[in-house]
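# Residue-level structure breakdown
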Amino acid sequence: MTTSREASMKFRAFCTSKKKDVWTKLIFTANFAKDIEKVYDVTTMLQSVQQECMVFALTHDVGTPDVYDCAELIFPAAMQKVVIKTLRPYFLSHWSIYRLINFNPNRKLDHGVDLNEAMYTEEKKQDYLRYLTDFNAFVHELKNGIMNANRHLNAAISLYIRELAAALVVYEMNAFGGELRCSWLQECMESLRQWADHITCQEAFHLISETIYKDVFELLSKNAYTMVAVDFPDKFRGIITMKYCLLKTNNHGREDLTAMLIEKVEENLLIASVDTKAILKSYAACVESLREMDSSCVVMHKVCGVIREYLKKRPDTVQQIITYITSNKKDELEKDMDGDYDLKETATSGRPSLEVEEELERESKSSVREVASSFGLRRDTSKTVRSAMMDEDELKGVNDDFLPENMETMGWEKWMPNPIDTTVGDGAPGRQGVDVFNMLVSVYGSKELFVKEYRTLLAERLSGSENKDPYFEKRYLDLLKLRFQYSELQHCEVMLRDVMHSQEVDAMIDAQKEAKLVPVSACIISSHYWPKLEVDKTETKMPVPLELAMVNYQQMFLDAKRDRKLNWMRSVG
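Residues numbered from 1 in each chain as written. Predicted model: local features only at pLDDT ≥ 70, side-chain atom pairs only at ≥ 80, totals over all residues. Heavy atoms only, no water.

This part takes up the overall build of the protein chain. A tally of helices and strands in the protein chain yields 26 helices and zero strands. The long-range fraction of contacts in the protein chain, counting pairs at least 24 apart against all pairs at least 6 apart in sequence, stands at 78%. Total accessible area on the protein chain stands at roughly 30000 Å², and carbon and sulfur atoms take up 51% of it. (Helix = DSSP H or I, 4+ residues; strand = E, 2+ residues; numbered from the N terminus. Contact = heavy atoms within 4.5 Å. Areas by Shrake-Rupley, 256 points an atom, 1.4 Å probe, with all protein chains shown as cover.)

Shown next, in the form of structure tokens:
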């Protein structure tokens, strides 16, 4: 069919005259978007305009191209912002009623929402269902036929979904003290996807979903320092949510997060007024939390590297690290030795599901998980797996993909290139195979220095403490053996044997001594294996009863150990 220029101009003029009717009705009814009858009237009006335009086209021999080109006259592309603003009350009203129809108090999305029973009667439900049906007809009229507003709807629905997601996230965070659960976010996004499907705008959801994850990550990043360095593991849920957002957006915002964390660390942590013990606590929290958040461990190494360089400048760092490792987690270590190392490898796992995230939340405050993960242990069906302990200097310039321990377990089909923001020369196995213990020891830069300091501290605790516990120290040393070679800890092993043997000698002598003698407990050490102890060179005089008891102790020891000598160190102990 051909179209004369005169017929085409008449048709365009007719459509322009109808434009005013359409927009007047849409703008006026937007104030009553929840009224079912009003929405039905708008739908009827759109159908009427569609029919009138088509009848005019047929009676005036207007061709198909001109018919659909004239859609630009009613909903012009230049007025997209106006279209989005005008239709907003309609779709937000539809969302509220759609959510009422699908309300379920067992859902995380609806948990804690107080529903007015007067709004949820059977009669109301029927009205809501009718509204949804009529609204779909309204959307159909907008998307199809001469109106052809579909090019506007994708942009409009995308913005509405983003707005709804933002409102829901803020409400959830306010209700739960600033926390945002990963399982809740998954449920929220699924609900929005289903709503988009219901109004036949699936493409709009897919266009905006990644942007929503970016928005959530940016929102959580504002409090990232508190979550990772101060309140971990209490804020473990937020860490998992940020990890999920990184996975959904291909690590978008990771570089900005790294820069922000480094700035906050330098501003709040690496200052003279914060003692070394507090810095070490935050350092360990950063290692654990950032390792959970970013499975590539890029953020962890960059942020913790700044803290590590600062700690090297403090004179008491070495002593504080040993104390932190060997004392602060004594109770957890005792549970750890009696328990099971059944750990969830979240740092290297795939995308977290609802079940995985809930399980991680349950484990976040478990002392067994906290301590065992600090030592890089997990239960395996065949053997106990340990992280490699190597000096930093030994790894410089080495491609650790080809280290023997990595060659045994790494499949070529699973190999992935390093992220673009990784430090040049930083291999994935060495970067991802670290934990709190590795990172604390790395502050020294040398295993030998760590072992030396640990040996000195162990000597002080075994010789000068009234409450020394050689059996706990033995269990702790067994854990250290998983990280170090036996020869590196041989001196410590002998020191513990000396103390345990001394207790046996004490018991033997106490059973055989005369009742009138004062009980004596001695720590008999092998001088070659113990570090040099500070001894007062002046002769220390003991009370006579104690002197007699010490002479008796020495004599009974020499009778039992004829090939050994006993030299008292009176000022130690």
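This is not the end of the story, as more comes after the structure.
Under the defined criterion, the tally for this structure stands at twelve aromatic pairs. Their ring planes at 5° and their centres at 4.6 Å tell us that Phe 14 and Phe 56 sit as a pair that is stacked. With Phe 14 in helix H1 (residues 5–29) and Phe 56 in helix H2 (residues 36–59), this pair connects stretches of sequence that are 42 residues apart. Taken together, the ring pairs connect Tyr 90, Phe 91, Tyr 131, Phe 135, Phe 138 and Tyr 160 into an aromatic cluster. (Phe/Tyr/Trp six-rings, centres within 6.5 Å; stacked < 30°, edge-to-face > 60°.)

A few words now on the environment of Lys 264. As for its placement among the helices and strands, Lys 264 is situated in helix H12 (residues 254–268). Sequence separation between Lys 264 and Thr 226 is 38 residues, and the spatial gap between their C-alpha atoms is 9.4 Å. Not counting residues up to four positions away in its chain, the partners in contact with Lys 264 are Tyr 225 and Leu 269.

So, on to the packing of helix H5 (residues 80–101) against helix H8 (residues 182–198). Two elements in contact, H5 and H8, have axes separated by 11 Å at closest approach and are oriented at 115°. Considering only the axes of H5 and H8, their crossing is right-handed. Within the contact between the two elements, H5 uses Phe 91, His 94, Trp 95 and Tyr 98 and H8 uses Ser 191, Leu 192, Gln 194, Trp 195 and His 198. Classifying every residue of the contact of H5 with H8 gives five nonpolar, four polar and no charged. (Axes fitted to C-alpha atoms, helices over the stretch in contact; angles between N-to-C directions. Left-handed = near helix turned anticlockwise from the far one by under 90°. Nonpolar A, V, L, I, M, F, W, Y, C, P; charged D, E, K, R; others polar.)

For soluble globular proteins, the rule of thumb is that nonpolar side chains tend to be buried together. Membership of the largest hydrophobic core comes to 131 residues, with the highest contact counts inside it found for Leu 87, Tyr 90, Phe 91, Phe 138 and Leu 261. Core analysis: the second largest hydrophobic core is formed by ten residues, Val 505, Ala 549, Tyr 553 and Phe 557 among them. (Core = buried A, V, L, I, M, F, W, Y, C linked by side-chain atoms within 4.5 Å. Buried < 20%, exposed > 50% of the residue type's maximum accessible area, 1.4 Å probe, protein only.)

The subject of this paragraph is the packing of helix H25 (residues 490–512) against helix H26 (residues 544–560). Between H25 and H26, the least distance of the axes is 10 Å, while the angle of their chain directions is 110°. Here H26 runs roughly perpendicular to H25, going by the angle between their axes. The two elements H25 and H26 cross, and the hand of that crossing is right-handed. Two secondary-structure elements touch here, H25 through Ser 502, Val 505, Asp 506, Met 508, Ile 509 and Gln 512 and H26 through Tyr 553, Met 556, Phe 557 and Ala 560. Residues of the contact of H25 with H26, tallied by class, amount to seven nonpolar, two polar and one charged. (Parallel < 35°, antiparallel > 145°, perpendicular 65-115°, else oblique.)

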